[in-house]
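Tertiary structure, described
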Amino acid sequence: MLVGRVIGNVVATQKNDKLRGAKLLLVQPLDLQQRPRGAAVLAIDSVHAGVGDRVLIVQEGRAAQLALGQGVAAVDAAIVGIVDALELDGLEGHGSGA
Amino acid sequence: MWLARVVGTVVATRKDPGLAGTKLLLIQPLTPERTPHGKPIVAVDSVGCGVTEEVFFVRGREASFPFLPAEVPADAAIVGIVDHWSLG
């Protein structure tokens, strides 16, 4: 799993049937210093996250399908948690701003 | 999933039988700011989109799922057409 920040929401009327009703959010993965890391991903939201939230995302098909709850579906990323706090003990960059 | 823009079509007469009848599109992955991200890839279309449209796609094993029970040997599939997105 990765920690990321929800940076936007995506509206797509025409999509795969299994994705009907699913909420799609843009998530920017973060490094331990809370800086953007890599490309932003589009993830199914299963925990009612919103823009600005720090979240836990899975980037694996099976896990994302479980989060979506539609059986076998064409999804490969999902938000599975909202991060309340993240503590980095003994690492540079301590202080997550949580 | 990832954002992309459809930038072209691919025609391949001789291909794996599992790909018969599929529409192959060339897509350019995008950042949320609409700048190209990485190299263009070929993806199978599962939603009926066309060139210049903004879409999202899945990569990996899940790319074949929209076509079940047919087994399509694809590693990227377009699964939605994006109407718009907003950055908070």
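Scope of this entry: the structure provided in the associated data block. All figures in this text were calculated on a predicted structure; none of them were measured in a lab.

With that settled, the discussion passes to the environment of Thr13(B). Residues and elements named next belong to chain B. Mapped onto the elements, Thr13 comes out in the loop between strand E1 (2-10) and strand E2 (24-29). Residue Thr13 is classed as exposed on the basis of its C-beta count, with 4 C-beta atoms lying within 10 Å. The sequence separation of Thr13 and Leu68 amounts to 55 residues, and the corresponding C-alpha distance is 22 Å.

Residues and elements named next belong to chain B. Here Gly8 lies in strand E1. In this structure Gly8 comes out as partly exposed when scored by C-beta crowding, with 13 C-beta atoms within 10 Å. Residues Gly8 and Thr31 lie 23 residues apart in sequence; the distance between their C-alpha atoms is 19 Å. In contact with Gly8, not counting residues within four places along its chain, are Leu26 and Val51.

Here the focus is the pairing of strand E1 (residues 2-11) of chain A. Residues and elements named next belong to chain A. Relative to strand E4 (residues 54-58), E1 is paired through four bridges, and the arrangement is antiparallel. Its bridge partner lying in E4, Val3 is registered against Leu56. In this sheet, strand E2 (residues 23-29) lies alongside E1 in antiparallel orientation, the contact comprising six bridges. Each bridged residue has a counterpart across the sheet, and for Asn9 the counterpart in E2 is Leu25.

In this structure, Pro69(B) follows Leu68(B) across a cis peptide bond, with omega equal to 5°. Along the chain, the position of Pro69(B) falls in the loop between strand E4 (54-59) and strand E5 (76-81). Backbone geometry at His48(A) places phi at a positive 60°, although glycine is not the residue there. For His48(A), a count of 9 C-beta atoms within 10 Å puts it in the exposed group.

Bringing the interface of chain B and chain A into the picture now. Chain B puts 29 residues into the contact, and the matching count from chain A is 25 residues. Going through the elements one at a time, E1, E4, E5 and strand E6 (84-87) of chain B are the ones with two or more residues in the side of chain B that touches chain A. Residue classes in the side of chain B that touches chain A are distributed as 17 nonpolar, eight polar and four charged. Bridge analysis of E1(A) against E6(B) gives four bridges, and the strand direction is antiparallel. Paired with Val10(A) across the bridge in E6(B) is Trp85(B).

Here we take up the nonpolar core. Considering soluble globular proteins, one finds that nonpolar side chains tend to be buried as a cluster. Counting residues in each nonpolar core, the largest one holds 52 residues, and the members touching the most others are Leu42(A), Ala77(A), Ala78(A), Phe57(B) and Ala77(B). With near-sequence residues (within four places) excluded, Phe57(B) lies in contact with Met1(B), Trp2(B), Ala4(B), Ile27(B), Ala43(B), Ala76(B), Ala77(B), Ile78(B) and Val79(B).

Within a regular strand, side chains alternate between the sheet's two faces. All names here are of chain B. For E4, the buried fraction is high: five of the six residues fall into the buried class. Bridge analysis of E1 against E4 gives four bridges, and the strand direction is antiparallel. Opposite Trp2, over in E4, you have Phe57 as the bridge partner. Relative to E5, E4 runs antiparallel, the two being bridged by five bridges. Its bridge partner lying in E5, Phe56 is registered against Gly80.

Here is what the cut-offs are and how they apply
- Residues numbered from 1 in each chain as written.
- Chains lettered and ligands numbered in written order.
- Predicted model: local features only at pLDDT ≥ 70, side-chain atom pairs only at ≥ 80, totals over all residues.
- Helix = DSSP H or I, 4+ residues; strand = E, 2+ residues; numbered from the N terminus.
- Buried ≥ 20, exposed ≤ 12 C-beta atoms within 10 Å, placed from the backbone.
- Contact = placed C-beta atoms within 7 Å.
- Pairing = 2+ DSSP bridges.
- Nonpolar A, V, L, I, M, F, W, Y, C, P; charged D, E, K, R; others polar.
- Core = buried A, V, L, I, M, F, W, Y, C linked by C-beta atoms within 7 Å.

So yeah, pure geometry; function would need other evidence.
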